[in-house]
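Geometric and topological summary
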Amino acid sequence: MAIPDEVQEYVEKHIKLMISQTETYLPFIKVAFPYSKNVADGVYNLIIGSALSVFVNQFAMRMKYPTASDFEEFGKISLKYRDQVDQFFK
């Protein structure tokens, strides 16, 4: 079963918003965490954790439960944005 289009669109808009906020806060992040070995991983995990909450809430609002294949699709959606986050820290 594919994720409903409106859920996917909402999740992707949320991820893009979080990425744009990361870009805004990038100077602060680099100054505040100069000794962190992989800030990109931390930032990516925060963004995707937030998006996962949005994902589950979108299903709950429709009185549905995401299936294992829905979570698999979520993983594929979120992976598309990994390189974009990594580029901030190179």
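See the structure shown above.
Notes on the structure in this doc start here. (Residues numbered from 1 in each chain as written. Predicted model: local features only at pLDDT ≥ 70, side-chain atom pairs only at ≥ 80, totals over all residues. Heavy atoms only, no water.)

Side note on helix α1 (residues 5-32)
The cut-off we apply is this: Comment: elements are numbered from the N terminus, with helices defined as DSSP H or I runs of at least four residues and strands as E runs of at least two. Given a helix with a known number of residues, its expected span is that number minus one, times 1.5 Å. Each residue is assigned a bend, namely the angle between axes fitted to the seven residues that terminate at it and the seven residues that start at it. In this scheme, a residue with accessible area under 20% of its type's maximum is buried, one over 50% is exposed, and one in between is partly exposed, where area comes from a 1.4 Å probe on protein chains only. Working rule for contacts: check all heavy atoms of both residues, and any pair within 4.5 Å makes them a contact.
The end-to-end C-alpha distance of α1, which contains 28 residues, comes to 38 Å, matching closely the 40 Å that a straight helix rising 1.5 Å per residue would cover. Where α1 bends most, the angle comes to about 60 degrees, and this point is Tyr-25, followed within four residues by the proline Pro-27. Buried within α1 are the following residues: Val-7, Val-11, Glu-12, His-14, Ile-15, Met-18, Ile-19, Thr-22, Leu-26 and Ile-29. On its buried face, α1 sits against α2 (39-61), α3 (68-79) and α4 (82-88).

Some details on the packing of α2 against α3
Quick reminder of the rule: Here an angle of 0 to 180 degrees is reported between the N-to-C directions of two axes, which are lines fitted to C-alpha atoms, with helices fitted over the stretch in contact. Roughly parallel means an angle under 35 degrees; roughly antiparallel, over 145; roughly perpendicular, 65 to 115; everything else is oblique. Note: crossing handedness is left-handed where the near helix turns anticlockwise from the far helix by less than a right angle, and right-handed where it turns clockwise.
Across the interface, α2 lies against α3 with an axial gap of 11 Å and an inter-helix angle of 140 degrees. One finds that α2 runs oblique with respect to α3. With respect to the hand of their crossing, α2 and α3 are arranged in right-handed fashion. The residues of α3 that touch α2, namely those facing Tyr-44, Ile-48, Ala-51, Leu-52, Phe-55, Val-56 and Phe-59, are Asp-70, Phe-71, Phe-74, Ser-78 and Leu-79.

Comments concerning the nonpolar core
Selection criterion: Among buried residues, the Ala, Val, Leu, Ile, Met, Phe, Trp, Tyr and Cys ones that are joined through side-chain atoms within 4.5 Å form a nonpolar core.
Grouped together as the largest cluster of nonpolar side chains are 22 residues, with contacts concentrated most on Val-11, Ile-15, Ile-19, Ile-47 and Phe-55. Of all the elements in the fold, those that place two or more residues in this core are α1, α2, α3 and α4. A per-element tally of this core places α2 first, with nine residues. What Phe-55 contacts, discounting residues up to four positions off in sequence, is Ile-3, Val-7, Val-11, Pro-66, Asp-70, Phe-71 and Phe-74.

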